[in-house]
Amino acid sequence: MCIEIDNKKRLFSLNTKHTTYQMVADSHGFLRHIYYGRKIGSFDMRYREYYSDCGFSPNPYELQTQRDFSLDTRSMEYTGCGIGDFRPGCVRLTNGDGSFSADLRYVGHSLREGKYRIPGLPASYDNGGQCQTLCIDLKDDVSDVIVSLYYGVFPEQDMIARSAVVKNCGKQPIQLYKAASACLDLPFGTWDLIHFQGRHCMERMPERTPVPHATVNISSGRGASSHQHNPFAILAAPETGEDNGPCYGAMLVYSGNFKIEAECSQMQSTRLVAGISDEQFCWHLEPGESFYTPELLLSYTDRGLTALSQCYQDFVAENICRGPYKDGSRPVLINNWEATYFDFNAETLCGIARQARNLGVEMLVLDDGWFGQRDDDTSGLGDWFVNEQKLGCTLPRLIDRIRKMGLKFGIWVEPEMVSQNSQLYRQHPDWALTVPGRNPTVGRGQLVLDLSRKDVVDYLYATFSQLLRSNAIAYVKWDMNRHLTDVFSRELPPQRQGEVFHRYMLGLYDLLERLTQEFPQVLFEGCSGGGGRFDAGMLYYFPQIWCSDDTDPIERLKIQYGTSFGYPIRSVGSHVSASPNHQTGRKTPLNTRAVVAMSGTFGYELDLQLLSAEEKEEIRRQIPKYKRWQSLIFHGNYYRLTNPLRDDYFTAWQFAAKDGTQALLNLVVTAPKANPYPIHVTLKGLDPEGMYREEGSGMVYSGAALMYGGYTLPILLGDYPSVQLYFEKIGFQDGDGASRNGNH
Ligand code: DGJ
């Protein structure tokens, strides 16, 4: 039993392998947060609490003589509104009488085996583990609003999934302006906030700042989780590094507008509130209706950022991702986008495919431009029938030719969008998100379809299920190339227009659920102008996501570094592209491009026909190397050995098998030095007692030596040289340090 309940004290202790989360429903019915940290079992941690009368922090009516009791200073599980907690709140609503009050008090709880589900939303699932769910009901007695807090406890994974349901059990409609998924109050300590900011072509750059005495707000109002911010944040003690120190993670399983707020209070406690963004949000709840918030994944470790990252990487891979590809190997692909852009026909594609097949590639992916009238990005979106004139043949004929070469066939789609210059828009202008009487804002020359409408979602399902049913398509790249503006649905009444952003996500998730369940054999890759929707919500449907439109390997070092804090390596779509790189103009060696791309789902995205014989030979060697290491890269532990945002000389990262039997060290020199000092790294995740043979040199080292003494590389000169060193455990160290099975 990972959830222990002391019914007399109404004390709830949620235990995972290494952590305890504790709360109490006190005698007044307030659900107060007591503790989250290293495991302490069910020991009542209230002995730590100390509160004094805090000026201008008011008291609940029945506690007015107990002036040290204020909701403004106590640690809470989930706050109401309008009743004296002035920190960032969880719920904001108006009742039928127009009042803004919600005084949420404990009314009951239930405990069950397994993991709760959230209707219509992606959520973590129990993958054959021992998950338990605790549900605690809080009620506002005046309006009869009930908030049910769900806690899914994954003991082995050190993960606690949280979600809230707001139900209007009263007799009058209410308006919900904010409904957070969860709140985390840390009563003591000072904390840094690490979040992941960016832009198109430079996503998920970690930024670390002390949580100030002001609300920091990480959010997206773009209708997608966005390139600019990611729905994942970390609270870390100032001294916390990769291998040491306490830190908490908070990851939303959601791909739309979100908000993560963090604030250090007047009493030096820290609060984090996370959930759907309250910007342009208003959910109308009729009596009997409920609103389900997305899930927040909480984790804690006292062993530093690497341990926290590994926890999220494993959890997302095992308990969020689904389908036959979640664990399995992924085909090495060639994508024609950076090779041809819109300028191709069946012959061009078959030429690329033939060359790719000869080098060992396993799948051709046909990117944008195969449908409707689409020779650039100004037209054609929405017309999902093949442009046979451009291609020179039918789609089945092209697929047949590719498959006869021994390659699988994959295809690019962008279902959520419509070009104004398209048959679909001419037939259904009301299907696009636009505001009556106003000219819509245009992004990449396109508009967004109103996925809050069931008829639009049904149409998209019919269109794309037909495409997949009638063609031998093994892979789909699902793109989304602009953010939402003019968010207004012609199907909804005025008082429900604040629901459109979230209803869009519900429509999209419904569509993805139907398609991915009906076509489990298809490998779906998410994409949004690269990594603009790289989040756990999307990973519930797509086991991999195109990480960034920036394919420059030196820039990618930073992007993949940032992505690794929360997301599994096997979810990171990563390709070798041309040199000079199309985004930066930088020239890099082919080897370096492959070394970087191999830390993900590997592929190529360039015109292979333009390569020299030596380069083709190199690719012929790269693919078997990747395939040999794919399982180690996908299932091993990942270690950031340097910080590419800080260290300019070189970037190093490493994989180690979970059982310590093998390791792969990757290193790229990003700024070669004259009169260079040594390149030295310490490996991680090895068996200190084990002996390891380095492939190639045949040198044998003890795990302890490599981890505590490190490894010095020969000087690497030139433009962006790189190395990959593979170590295999060959036995154990004798007492005197000599190898038993290996040879020195
Ligand atoms: C944006 C994607 O990220 C690219 O890889 C490519 O598919 C283009 N869209 C096509 O329009």
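Residues numbered from 1 in each chain as written. Predicted model: local features only at pLDDT ≥ 70, side-chain atom pairs only at ≥ 80, totals over all residues. Heavy atoms only, no water.

Each helix and strand in the protein was counted, giving 13 helices and 38 strands. The C-alpha radius of gyration computed for the protein amounts to 27 Å, which stays within 12% of the reference 27 Å derived for 744 residues, consistent with globular compactness. Taking the principal axes of its C-alpha atoms as reference, the protein extends roughly 85 × 80 × 45 Å. Taking the intrachain contacts of the protein between residues at least 6 apart in sequence as the baseline, contacts between residues at least 24 apart amount to 69%. Carbon and sulfur atoms make up 49% of the accessible area of the protein, which totals about 26700 Å². In the protein, which carries 74 positive and 87 negative side-chain charges, the distance between the mean positions of the two groups comes to 2 Å. (Helix = DSSP H or I, 4+ residues; strand = E, 2+ residues; numbered from the N terminus. Rg over C-alpha atoms; globule rule 2.2 N^0.38 Å. Contact = heavy atoms within 4.5 Å. Areas by Shrake-Rupley, 256 points an atom, 1.4 Å probe, with all protein chains shown as cover. Lys, Arg positive; Asp, Glu negative; His and termini not counted. Charge placed at Lys NZ, Arg CZ, Asp CG, Glu CD.)

Looking now at the site of the ligand. In the neighbourhood of the ligand, 13 residues make up the surrounding shell, with Asp 367, Asp 368, Lys 477, Asp 479 and Asp 549 lying closest. In the model, a nitrogen atom of the ligand is placed 2.7 Å from a nitrogen or oxygen of the Asp 479 side chain. When the ligand is considered free in solution it has 290 Å² of accessible area, and contact with the protein chains removes 98% of it. Here the shell around the ligand is composed, by residue class, of four nonpolar, three polar and six charged. (Near = heavy atom within 4 Å. Polar contact = N/O pair within 3.5 Å; in protein donor to acceptor, adjacent residues only side chain to side chain. Nonpolar A, V, L, I, M, F, W, Y, C, P; charged D, E, K, R; others polar.)

The eight strands are arranged 21-22-23-26-27-28-29-30 in a closed barrel whose pairing can be described as parallel. On average, adjacent strands in this sheet sit at an angle of 30 degrees to one another, irrespective of strand direction. With two bridges joining them, strand 21 (residues 333-335) and strand 30 (residues 601-605) adopt parallel strand pairing. Within strand 30, the residue paired with Leu 333 across the bridge is Gly 603. Across the sheet, helix 11 (residues 590-597) lies against strand 29 (572-577) and strand 30, angled at about 170 degrees from strand 29, the strand it touches most. (Pairing = 2+ DSSP bridges. Axes fitted to C-alpha atoms, helices over the stretch in contact; angles between N-to-C directions.)

To describe a pair of aromatic rings, you give the distance between the ring centres and the angle between the ring planes. Enumeration according to the criterion identifies 44 aromatic pairs in this entry. Considering the side-chain rings of Phe 281 and Trp 283, the 6.4 Å spacing of their centres and the 25 degrees angle between planes classify their relative orientation as stacked. As far as the burial class goes, Phe 281 and Trp 283 line up, both buried. Note on Tyr 711 and Phe 727: the rings are 5.8 Å apart at their centroids and 80 degrees apart in plane angle, and the pair reads as edge-to-face. With Tyr 711 in strand 37 (residues 711-713) and Phe 727 in strand 38 (residues 722-732), this residue pair connects regions lying 16 residues apart in the sequence. In this pair, the class of Tyr 711 matches that of Phe 727, namely buried. Among the aromatic side chains, those forming a connected cluster through ring pairs are Trp 370, Phe 371, Trp 384, Trp 412, Phe 464, Trp 478, Phe 524 and Phe 542. The residue whose ring lies beneath Lys 390 is Phe 344, and the NZ or CZ to ring-centre distance is 4.5 Å. Against the face of Tyr 726 rests Arg 628, its NZ or CZ located 5.2 Å from the ring centre. (Phe/Tyr/Trp six-rings, centres within 6.5 Å; stacked < 30°, edge-to-face > 60°. Buried < 20%, exposed > 50% of the residue type's maximum accessible area, 1.4 Å probe, protein only. Lys NZ or Arg CZ within 6 Å of the ring centre and 35° of its normal.)

This part is about the confidence of the model for the protein. Low-pLDDT stretches of the model should not have their predicted coordinates read in fine detail. On average, residues of the protein score 97 in pLDDT, and 99% of them are at 70 or above. Taken together, the stretch residues 740-744 has pLDDT below 50 and engages in 15 contacts with residues farther than four places along the chain or on a different chain. (pLDDT = per-residue confidence, 0-100.)

Locating Leu 111 in the fold gives a position in strand 6 (residues 105-113). Sequence separation between Leu 111 and Tyr 51 is 60 residues; the distance between their C-alpha atoms is 31 Å. Excluding its chain neighbours within four sequence positions, the residues that come into contact with Leu 111 are Met 1, Ile 3, Ile 5, Thr 133 and Leu 134.

On to the pairing of strand 30, then. Taking burial as the measure, the five residues of strand 30 include five buried ones, the bulk of the element. Because side chains alternate across strand 30, one face comprises the buried residues Thr 601, Gly 603 and Glu 605, and the other comprises Phe 602 and Tyr 604, equally buried. Note that strand 29 and strand 30 share five bridges and pair parallel. By the bridge assignment for strand 30, Gly 573 is matched with Thr 601. One crossover worth recording links strand 29 to the parallel strand 30 by way of helix 11, and it is right-handed. (Right-handed = clockwise from strand over helix to strand, strands pointing away.)

Here we take up the pattern of salt bridges. In total, this model carries 53 salt bridges according to the counting rule given. For the salt bridge of Glu 362 with Lys 627, the shortest nitrogen-to-oxygen distance reads 2.7 Å. Here Lys 627 lies in helix 12 (residues 613-635) and Glu 362 lies in the loop between helix 3 (346-359) and strand 22 (363-366), a separation of 265 residues in the sequence. A residue is classified by how much of its surface remains accessible, and Glu 362, at 24% relative accessible area, is partly exposed. You can call Lys 627 partly exposed: its relative accessible area is 35%. Here Asp 458 and Arg 514 are joined by a salt bridge, their closest N and O atoms 2.7 Å apart. Residue Asp 458 is found in helix 7 (residues 454-469), and its partner Arg 514 is found in helix 8 (residues 500-518); the two are separated by 56 residues along the sequence. Looking at Arg 514, the relative accessible area reads 24%, which means it is partly exposed. Members of the salt-bridge network, linked through shared partners, are Asp 85, Arg 87, Asp 185 and Arg 271. (Salt bridge = Lys/Arg side-chain N within 4 Å of Asp/Glu carboxyl O.)

Quantified by volume, the largest pocket comes out at close to 570 Å³. Surrounding the largest pocket, 25 residues form its lining, His 18, Arg 303, Ala 307, Gln 310 and Cys 311 being those nearest its centre. Residue assignment for the lining of the largest pocket shows that the elements contributing at least two residues are strand 20 (295-301), helix 1 (304-319) and strand 31 (637-640). The element best represented in the lining of the largest pocket is helix 1, accounting for seven residues. (1 Å grid on protein atoms, 1.4 Å probe; cavity = no way out; pocket = protein on both sides within 12 Å on 5 of 7 lines; lining within 4 Å. Points joined across faces, edges and corners; volume = space filled by probe spheres on them.)

Pairing is antiparallel in the open sheet, where four strands are placed in the order 1-2-3-4. Both edges of this open sheet fall to strand 1 (3-6) and strand 4 (31-38), since each of them pairs with a single strand only. Taken over all neighbouring pairs, the strand axes of this sheet differ in orientation by 15 degrees on average, direction set aside. The sheet contact formed by strand 2 (residues 11-15) and strand 3 (residues 19-25) spans five bridges and is antiparallel. Directly across from Leu 14, in strand 3, lies its bridge partner Tyr 21.

A separate point is the environment of Ile 320. By the element assignment, Ile 320 lies in the loop between helix 1 and strand 21. When its relative accessible area of 0% is taken as the criterion, Ile 320 is described as buried. Sequence separation between Ile 320 and Tyr 711 is 391 residues; the distance between their C-alpha atoms is 36 Å. In this view, Ile 320 contacts Ala 123, Ser 124, Tyr 125, Val 253, Leu 297, Phe 315, Ala 536, Leu 539 and Tyr 540; residues no more than four positions away in its chain are not counted.

Here helix 8 spans 27 Å end to end across 19 residues, near enough to the 27 Å set by a 1.5 Å rise per residue. Residues of helix 8 that are buried: Val 500, Phe 501, His 502, Tyr 504, Met 505, Gly 507, Leu 508, Tyr 509, Leu 511, Leu 512, Leu 515 and Thr 516. (Expected span 1.5 Å × (residues − 1).)

Turning next to the packing of helix 10 (residues 553-563) against helix 11. Relative orientation of the contacting elements helix 10 and helix 11 amounts to 15 degrees, with a least axis distance of 9 Å. In terms of their interaxial angle, helix 10 and helix 11 are classed as roughly parallel. When you trace helix 10 past helix 11, the crossing you get is left-handed. Touching Pro 553, Ile 554, Arg 556, Leu 557 and Gln 560 of helix 10 are Thr 592, Arg 593 and Val 596, all from helix 11. (Parallel < 35°, antiparallel > 145°, perpendicular 65-115°, else oblique. Left-handed = near helix turned anticlockwise from the far one by under 90°.)

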